[in-house]
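The residues making up each chain are set out below.
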Amino acid sequence: MDQFIINLLFVGGSFALYIGIAIWAKAGSTSDFYVAGGGIHPITNGAAIGADWMSAASFISMAGLIAAGGYANSTFLMGWTGGYVLLAMLLAPYLRKFGKFTVPEFIGDRYYSQNARLVAVICLIVASVTYVIGQMAGAGVAFSRFLEVDATLGLIIAAVVIFLYAVMGGMKGITYTQVAQYCVLIVAYTIPAVFISIQLTGNPIPGLGMFSTHTESGLPLLTKLNQVITDLGFNEYTADVDNKLNMVLFTLTLMIGTAGLPHVIIRFFTVPKVADARWSGGWALIFIALLYLTAPAVASMARLNLMTTIYPDGTAAAPIEYDERPQWVREWEVTGLIQYEDKNNDGRIQLYNDVPSFEEEAEARGWEGNELVVNRDILVLANPEIANLPGWVIGLIAAGGLAAALSTAAGLLLAISSAISHDLIKGRINPAISDKGELLAARISMAVAIVVATYLGANPPGFAAQVVALAFGIAAASLFPALMMGIFSKRVNNKGAIAGMLSGLVFTLAYIFVYKGWLFIPGTNNLADIPENWVLGISPLSIGAIGAIVNFAVAFTVSNATEEPPIEIQELVESVRYPRGAGGATDH
Amino acid sequence: MSGHDYDAVNYWKANLRLIFGSLIVWALVSYGFAILLRPMIAGIPVGGTDLGFWFAQQGSILTFIVLIFHYAWRMNRLDEKFGVHEE
C-alpha cells in the first residue's frame, strides 16, 4: 500500500477517535468545562497529564537535542521530570484542596488582591501563548511531511479537530482525548525504538539496550559511540561539561518552570480528593518516564546509526558515496532538513566536526569541510525509515507526533480560555454572570484562542524559537514562587506577593532581552548572546531560577516591612494545608 | 480546622519534614550525582560510561518516581493518623 494512504489511515483514524470522544464527553456546566466535573480517576489523570505535558518538543525535538549534545543535554531529561516532584509535594495537593477553577484565582484570593490576580493572568497568557505557537507550528510541519498537504492547510485541519473537542467538551473532552492521545504517542515512540535497540544490541528494552553491548563491535554501545564520534573530531558523547553552574541553573529553571506552568497545574484540579492529587503526580511521572527513559536510548542509537550509515566500513575508511545514500536520506533531502554539498568534489559524503583541532586530520584525508547537515528535529520522525521498519510504523509516528502537539495545544488553550472567561470576565467585568452565560463565554474564549493560536502557528513570529525560554522563565520567576509562598507562608501579604512577582518577572525578562533583543526584535540586544558575555557564565535560558530567587527575596522583604495579612487569609492558608473537607472544585 | 489545634501543628511539621527529606534526595540525585558530584563518582562504571551519566539520563527520573509515590503513601497515612483525611 502507498505510504501516503497508510499515513492518512493512521492520522484519520486517530482524529476520528478524538472526535468520537468529543461527542461522548460534552460539557454541561462550568465545572465540567474547567475541571471535568472534578471526578477524574488519578491514573486517568496521570495519563492525561502525560499527554498534556509531552509536547511536540518532547516527542520530536528532545531526542535530537540529546543526540547532538550528549551528556550536556541531560538537562532536558532531568528538568522536565524533576518539576513533578515539586508539583506533587509543594503545589498540587494544596491547590486541589483550595478547590477553585484557575491558577490566577488562587493568587487573587490568597493575596486578597484583584491586581495580583491580573498579574497572574498576564503571566499565564504570555507563558501559554508562547508555548502554544510551537505546538501549532509543529502540527503544521507533521501534516506537511506525512500527508503532503500545505502546512497552513494542515494547521487548519488540526485547529478544526481541537475546536471540536475542546470547545464542546472543555476539560472533560480534553481529558479523555488526552488519554487516547497518550496511548497513541507512547506506542508510536516506543515501537521504532524497540526495533532499533534489538538491531543494535539484541535487547528489546531501549533504556537498557543503551547501556549494554553493541552486538556488531562487542563493545558497550556508548563506548563504541564515543570512539566513532571522537574519530571524526566531535566531543565524546558522555563528556563532562565545564560550566556546571549554568547546567545546574538551567535544570533548575526547567524544573521550577514545569511546576509553575498553569496548563499542568489545572489538571490536578480534576481529581476527586487531595490524596488523589498526590497519587496523580506519581502516575503522571510514570507515564512521562516511559517516554523519557526511552528518549536517551533513541538519541544515542540514532547518532550511532547515522554515523555507521555514512561510514559503513568504519571511520578510518572512506565514507559512503553520495549516489549510494539510503532512501531515507533522499526523502528528507526533499524537505531541506538534510542538506548535502560536495565541497571536495569526490562524490562522497564527509560528515565530521569542522573545528580547528581537527583541521590537520581533515586536510590529510583530503576533506574540505563538513558536507552533510542533518536537522536534529528529524531524528525521531526518520527513525522508522533509518531502521527499515514497515510503512505502518511511519504512519504511527505521524499520528504520534500529531497527538503530542494537539494534546498539549488543547491543554494550553484551556488554561488561556479559562483565565479569560473565569478570571477576567467573571472575576472583573461581570461577576453577576450566570453559570450558563459563563459557559458560553468560556466556549467563545476558547474559539478565539484557537483562531489566534492557528494564525500565530501559520505565521510564527521570527522569535518563535526563542520563546520557549520565555515560557519557562516566566513560569519559574513569577507563578511558582507566588503559589508556593501562598501555601507555605502565612506572612507573605498582597504587597509582598505583587512586588515579588513583578521584580522576578522584570529581572528575568531584562536578562533575556539584553542578550536576545528587547521584545526579541533583532538587533536591539545590548550584548551578543555568547558565553563570554554571560554574567558568571549564566545563559539567558537559565536565568528563570535566579528570577525565582529574586521573587522570593523581594516578597519576604516587602511583606516583613508591611502589615500581616488579615486573619481570614491566614485561616485560608491554614485550611489548604489540611485535606479534610475538600469537596469538589467549585466556583464559590 | 483551627490553626491552634495541637494535632494540626504537628501534622504540618511532619509534612514539612517529609518534604524536606524528599527534596534532599531530589537534589542529591540530580544536582549532586548527575552534575556536581559526577567527577567524584566517575570511577564507578555503568554500561560503557560512568554512574553520573546514568543518573543524568535515567537514574534521577527513576528516583523522582519513587520519591513521589513514597510521599503520597506517607502523607495519606499521616492524614489518617492526624484525622485530617477526607471521608
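Residues numbered from 1 in each chain as written. Chains lettered and ligands numbered in written order. Predicted model: local features only at pLDDT ≥ 70, side-chain atom pairs only at ≥ 80, totals over all residues.

## A closer look at the overall build of chain A
Phase 1 of the analysis: Along its length, chain A carries 23 helices and 2 strands.
Phase 2 of the analysis: Here the C-alpha atoms of chain A give a radius of gyration of 25 Å, agreeing with the 25 Å that 2.2 N^0.38 yields for 588 residues.
Phase 3 of the analysis: Taking the principal axes of the C-alpha coordinates as reference, chain A spans close to 80 × 55 × 45 Å.
Phase 4 of the analysis: A total of 588 residues make up chain A; the buried ones form 58% of that total. (Helix = DSSP H or I, 4+ residues; strand = E, 2+ residues; numbered from the N terminus. Rg over C-alpha atoms; globule rule 2.2 N^0.38 Å. Buried ≥ 20, exposed ≤ 12 C-beta atoms within 10 Å, placed from the backbone.)

## Things to note about the overall build of chain B
Phase 1 of the analysis: Along its length, chain B carries 2 helices and 2 strands.
Phase 2 of the analysis: Seen in sequence order, chain B has helices and strands lined up from the N terminus as α-β-β-α.
Phase 3 of the analysis: Computed over the C-alpha atoms, the radius of gyration of chain B is 18 Å, more than 25% above the 12 Å expected from 2.2 N^0.38 for a compact globule of 87 residues.
Phase 4 of the analysis: By its C-alpha atoms, chain B is 55 × 20 × 15 Å across when sized along the principal axes.
Phase 5 of the analysis: Across the 87 residues that make up chain B, the buried fraction comes to 39%.
Phase 6 of the analysis: Taking all contacts inside chain B whose residues are at least 6 apart in sequence as the whole, residues at least 24 apart take part in 57%. (Contact = placed C-beta atoms within 7 Å.)

## Section: the UniProt feature "domain: Sodium symporter small subunit" (unreviewed entry) in chain B
Phase 1 of the analysis: The sites that UniProt annotates as "domain: Sodium symporter small subunit" (unreviewed entry) are residues 10-85 of chain B.
Phase 2 of the analysis: Annotated as 76% helix and 5% strand, the span residues 10-85 of chain B places its first and last C-alpha atoms 15 Å apart. (UniProt positions renumbered as here; feature names shortened; annotations may be inferred.)

## Description of the interface of chain A and chain B
Phase 1 of the analysis: Contacts between the two partners involve 45 residues from chain A and, on the opposite side, 38 residues from chain B.
Phase 2 of the analysis: Contributions of two or more residues to the side of chain A that touches chain B are made by α5 (74-98), α10 (221-231), α11 (244-260), α13 (274-292) and α23 (567-577) of chain A.
Phase 3 of the analysis: In terms of residue class, the side of chain A that touches chain B is built from 25 nonpolar, 12 polar and 8 charged. (Nonpolar A, V, L, I, M, F, W, Y, C, P; charged D, E, K, R; others polar.)

## Digging into α13 of chain A
Phase 1 of the analysis: For α13 of chain A, with 19 residues, the first-to-last C-alpha span of 27 Å sits near the 27 Å given by 1.5 Å per residue.
Phase 2 of the analysis: With 17 of 19 residues buried, α13 of chain A is to be regarded as a mostly interior element. (Expected span 1.5 Å × (residues − 1).)

## Focus on the environment of isoleucine 425 of chain A
Residue and element names in this part refer to chain A.
Phase 1 of the analysis: The topology assignment puts isoleucine 425 in helix α18 (residues 391-429).
Phase 2 of the analysis: Looking at isoleucine 425, the number of C-beta atoms within 10 Å reads 19, which means it is partly exposed.
Phase 3 of the analysis: Taking C-alpha positions, isoleucine 425 is 8.1 Å from glutamate 438, a pair spaced 13 residues apart along the chain.
Phase 4 of the analysis: Not counting residues within four places of it along the chain, the set of residues in contact with isoleucine 425 comprises Ile420, Asn430, Ile433 and Ala441.

## Observations regarding the UniProt feature "transmembrane region" (unreviewed entry) in chain B
Residue and element names in this part refer to chain B.
Phase 1 of the analysis: Per the UniProt record, the feature "transmembrane region" (unreviewed entry) sits at residues 18-41 and 53-73.
Phase 2 of the analysis: Along residues 18-41 one finds 79% helix and 0% strand; the C-alpha atoms at either end are 27 Å apart.
Phase 3 of the analysis: Segment residues 53-73 splits into 100% helix and 0% strand. End C-alpha atoms: 30 Å apart.

## Some remarks on the nonpolar core
Residues and elements named next belong to chain A.
Phase 1 of the analysis: By size, the foremost hydrophobic cluster in this structure holds 228 residues, and its most contacted members are Ile162, Leu185 and Leu413.
Phase 2 of the analysis: Here this core gets 21 residues from one element, more than from any other, and that element is helix α8 (residues 151-201).
Phase 3 of the analysis: Counting only domains with at least three residues in this core, you end up with domain 1 (7-301 + 389-577) and domain 2 (303-367).
Phase 4 of the analysis: Residues contacting leucine 185, with those up to four places away along its chain left out, are Ala51, Met54, Phe59, Gly400, Ala403 and Ala404. (Core = buried A, V, L, I, M, F, W, Y, C linked by C-beta atoms within 7 Å. Domains from an automatic or database assignment.)

## Focus: the packing of helix α1 (residues 3-24) of chain A against α8 of chain A
Residues and elements named next belong to chain A.
Phase 1 of the analysis: One can describe the packing of α1 onto α8 by two numbers: an axis separation of 7 Å at closest approach and a directional angle of 125°. Looking at the two axes, α1 sits oblique to α8. Crossing hand, α1 versus α8: right-handed. Residues Ser14, Phe15, Leu17, Tyr18, Ile19, Ile21 and Ala22 of α1 touch α8, and the partners they reach there are Val161, Leu164, Tyr165, Met168, Gly169, Gly173, Tyr176, Thr177, Ala180 and Val184. (Axes fitted to C-alpha atoms, helices over the stretch in contact; angles between N-to-C directions. Parallel < 35°, antiparallel > 145°, perpendicular 65-115°, else oblique. Left-handed = near helix turned anticlockwise from the far one by under 90°.)

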